[in-house]
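# Topology and contacts: notes
Here is how the chains run, residue by residue.
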Amino acid sequence: MRGETSYGDSVVAIAQAREPPEPLVFTEAAIEEATGEPAPTVRSIETLFTCIGPAPGLRACESLQELTLMNARLDSVPVELQYVRATLERLSLAGNAIGRIEHLGGMVRLTSLFLHENRITSARGLGGCPALQRLWLSSNQLASLDGLAALRELRE
């Protein structure tokens, strides 16, 4: 019976299709390829529904103001955000599996932070974001909002 697939082969094909994709390493070259600009001049990066791994290329993004890594299969806030902490104004890490807020120290220009649809259990970790005006934390696992009182500029 040529051209036919047995039931057993179909099950194997479905199981293979469900394996998580290989994470994209955010190198400087990958950033330049995706944006069409040299990394030092990039002001905005938006990646949706792409599995993201390490992001060493953020080191070269000295003008980055907006970063969106939505539905990127992240289980933590990328430590490489430290490289853009002086310039970043808007950060969206929505739709991931992030469990806690971390690596945001020194984000003095960050005004918008979108962390909705994650697995965050505590609002602590935002003290390094004194200019924060917009914070979205809906659809998380928050038991309390301790840690938000220090955010004097928070409007939304």
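What you see is a predicted model; the values in this text were computed from it and never measured. (Residues numbered from 1 in each chain as written. Predicted model: local features only at pLDDT ≥ 70, side-chain atom pairs only at ≥ 80, totals over all residues. Heavy atoms only, no water.)

Counting 37 residues, the largest nonpolar core has Leu58, Leu81 and Leu104 as its most contacted members. In contact with Leu58, other than residues within four places in its own chain, are Phe26, Ile31, Ile45, Leu64, Leu67, Glu80, Leu81, Tyr83 and Val84. (Core = buried A, V, L, I, M, F, W, Y, C linked by side-chain atoms within 4.5 Å. Buried < 20%, exposed > 50% of the residue type's maximum accessible area, 1.4 Å probe, protein only. Contact = heavy atoms within 4.5 Å.)

All right, on to unusual backbone geometry then. Despite not being glycine, Asn71 shows a phi value in the positive range, around 50 degrees. Along the chain, Asn71 turns up in the loop between β2 (66-70) and β3 (90-92). Take Asn71: its relative accessible area is 26%, and that puts it in the partly exposed class. One non-glycine residue, Ser139, lies in the positive phi region at around 55 degrees. Following the sequence through the fold, Ser139 ends up in the segment after β5 (134-136). (Helix = DSSP H or I, 4+ residues; strand = E, 2+ residues; numbered from the N terminus.)

Strand order across the open sheet formed by five strands is β1-β2-β3-β4-β5, with parallel pairing between neighbours. Two strands in the sheet have a free side with no partner beyond their single neighbour: β1 (44-48) and β5. Looking at each pair of strands side by side, their axes are set apart by 5 degrees on average, direction ignored. Here strand β4 (residues 112-114) pairs with β5 via three bridges, running parallel. Across the sheet, residue Leu113 finds its bridge partner in β5, namely Leu135. (Pairing = 2+ DSSP bridges. Axes fitted to C-alpha atoms, helices over the stretch in contact; angles between N-to-C directions.)

With that settled, the discussion passes to the pairing of β2. Two strands pair when backbone bridges link them, and β1 and β2 are joined in this way by five bridges, in the parallel orientation. Bridge pairing links Thr47 to Leu69 in β2. When β2 meets β3, the two strands line up parallel, connected through three bridges. The residue bridging Leu67 from the neighbouring strand is Leu91, located in β3.

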